[in-house]
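The chain contents come next:
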Amino acid sequence: MNQRVFDFSSFPSLATERLMLREITPEDVTALLMHFGNPEVVKFIAMQPIKTIAQANEWLKWMGGFFAAKDGLRWGITLQDGTFVGSTGLHLWNREAHYAQIGCDIAHKFWGNGYGQEAMREIIDFGWNQMKLNRIEAEIVMGNQASIHVMKKLGFQQEGVLRQRLLKGGKFYDVLIFSVLRQEYRGDS
Ligand SMILES: CC(C)(COP(=O)(O)OP(=O)(O)OC[C@H]1O[C@@H](n2cnc3c(N)ncnc32)[C@H](O)[C@@H]1OP(=O)(O)O)[C@@H](O)C(=O)NCCC(=O)NCCS
């Protein structure tokens, strides 16, 4: 077993049967604008639909900041032909307690193809094997049924409710906390 812990020396590109997971670059900003400009995609995440390239650049800078700070990674997800279909990441890496938080967003027109599950399976394996995680968490806004369904399929279980944890558009939302532990994870679940 590889005992080395991921050290952020270079961005780790990954591949699944149908998808490429790679660093998000300034060349992706138009795709990011289309993606996060869709109200369906951001309905249950802590942002409003973006409207400008400048906002897409801000998102990119924010995500790149996690890698620079060495506490998280956000991969862009593409099809084999390079079509941008979304992003996924492991964030808030706590090295002492060996946990991190997972997130994923798939462009609206690609929903329901299994891409979210396929991409997250890959980075969950990265979390266990390269980051030596013991626990991976997910925070899901109550009502985000697709996300709840996907996380349960990946083997996550709900632990509790963070009451009124998210303030968005002047309204507070309850957030569900899910997790999976290394010892219970089944990659093929
Ligand atoms: C959550 C998300 C990433 C899933 O991506 P995806 O590629 O469509 O996911 P998959 O195709 O792998 O799986 C979708 C599953 O959810 C199910 N599903 C879709 N809508 C659903 C709903 N409203 N209620 C219950 N299940 C639903 C699908 O039937 C499918 O299940 P199956 O594999 O058993 O057939 C995508 O919906 C998304 O980007 N949402 C917006 C961003 C977001 O909210 N991210 C989560 C933040 S925690």
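Residues numbered from 1 in each chain as written. Predicted model: local features only at pLDDT ≥ 70, side-chain atom pairs only at ≥ 80, totals over all residues. Heavy atoms only, no water.

## Let's talk about the sheet that holds strand β1 (residues 14-15)
In step 1: Read from one edge to the other, the open sheet built from 8 strands follows the order β1-β2-β3-β4-β5-β6-β8-β7, with strand pairing classed as mixed. Since the sheet does not close on itself, it has two edges, and those belong to β1 and β7 (157-168), each with one partner.
In step 2: The sheet contact formed by strand β6 (residues 135-141) and strand β8 (residues 171-181) spans 7 bridges and is antiparallel. Across the sheet, Val-141 pairs through a bridge with Val-175, a residue of β8. (Pairing = 2+ DSSP bridges. Helix = DSSP H or I, 4+ residues; strand = E, 2+ residues; numbered from the N terminus.)

## Points about the site of the ligand
In step 1: In the vicinity of the ligand, 20 residues are found, and the nearest of them are Cys-104, Ile-106, Gly-114, His-149 and Lys-153.
In step 2: With respect to the ligand, the backbone of Gly-112 contributes an N or O atom lying 2.9 Å from an oxygen atom.
In step 3: Here His-149 contributes a side-chain N or O atom positioned 2.7 Å from an oxygen atom of the ligand.
In step 4: Summarising the interface, the protein chains cover 72% of the accessible area of the ligand, which totals 970 Å² for the free molecule.
In step 5: The element best represented in the shell around the ligand is helix α5 (residues 145-153), accounting for 6 residues.
In step 6: Taken together, the residues of the shell around the ligand break down into 8 nonpolar, 9 polar and 3 charged. (Near = heavy atom within 4 Å. Polar contact = N/O pair within 3.5 Å; in protein donor to acceptor, adjacent residues only side chain to side chain. Areas by Shrake-Rupley, 256 points an atom, 1.4 Å probe, with all protein chains shown as cover. Nonpolar A, V, L, I, M, F, W, Y, C, P; charged D, E, K, R; others polar.)

## A short note on the packing of aromatic side chains
In step 1: Evaluated as defined, the whole model comprises 12 aromatic pairs.
In step 2: The interplanar angle of 55° and the centroid separation of 6.5 Å between the aromatic rings of Phe-6 and Phe-67 together place this pair among those described as tilted. Linking Phe-6 in the segment before β1 with Phe-67 in helix α3 (residues 53-68), this pair joins segments that are 61 residues apart in sequence. The pair formed by Phe-6 and Phe-67 is uniform in burial state, with each residue classed as buried. (Phe/Tyr/Trp six-rings, centres within 6.5 Å; stacked < 30°, edge-to-face > 60°. Buried < 20%, exposed > 50% of the residue type's maximum accessible area, 1.4 Å probe, protein only.)

## Points about the packing of helix α4 (residues 115-129) against α5
In step 1: Packing of α4 against α5 brings their axes to within 10 Å, and their N-to-C directions diverge by 45°. Of the possible angle classes, the one that applies to α4 and α5 is oblique. Where α4 crosses over α5, the two elements pack in a sense that is right-handed. Of the residues in α5, those touching α4 at Gln-117, Met-120 and Arg-121 are Val-150, Met-151 and Lys-153.
In step 2: Among the residues making up the contact of α4 with α5, the classes are represented as 3 nonpolar, 1 polar and 2 charged. (Axes fitted to C-alpha atoms, helices over the stretch in contact; angles between N-to-C directions. Parallel < 35°, antiparallel > 145°, perpendicular 65-115°, else oblique. Left-handed = near helix turned anticlockwise from the far one by under 90°. Contact = heavy atoms within 4.5 Å.)

## Structural notes on the pattern of salt bridges
In step 1: Under the definition given, this model contains 7 salt bridges.
In step 2: For Arg-135, the salt bridge identified is with Glu-137, shortest N-O distance 3.0 Å.
In step 3: For Arg-135, a relative accessible area of 18% corresponds to the buried category.
In step 4: For Glu-137, a relative accessible area of 12% gives the class buried.
In step 5: Residue Arg-165 pairs with Glu-139 through a salt bridge whose shortest N-O separation is 3.6 Å. Note that Arg-165 is positioned in strand β7 and Glu-139 in strand β6, a separation of 26 residues in sequence.
In step 6: By sharing partners, the salt bridges in this structure join Arg-135, Glu-137 and Glu-159 into a single network. (Salt bridge = Lys/Arg side-chain N within 4 Å of Asp/Glu carboxyl O.)

## A look at α3
In step 1: Between the first and last C-alpha of α3 there are 22 Å, a value that for 16 residues agrees with the 22 Å anticipated at 1.5 Å per step.
In step 2: Buried within α3 we find Ala-56, Trp-59, Leu-60, Met-63, Phe-66 and Phe-67. Across the axial projection of α3, the buried residues extend over an arc of 110°, all falling on one side. Among the exposed residues of α3, those oriented more than 90 degrees off its buried face are Glu-58, Lys-61 and Ala-68.
In step 3: Where α3 is buried, its residues meet α1 (29-36), β3 (73-79) and β4 (84-94).
In step 4: Backbone geometry just after α3 places Lys-70 at a positive phi near 60°. (Expected span 1.5 Å × (residues − 1). Arc of directions from axis to C-beta.)

Taken by themselves, the reported measurements are silent on function.
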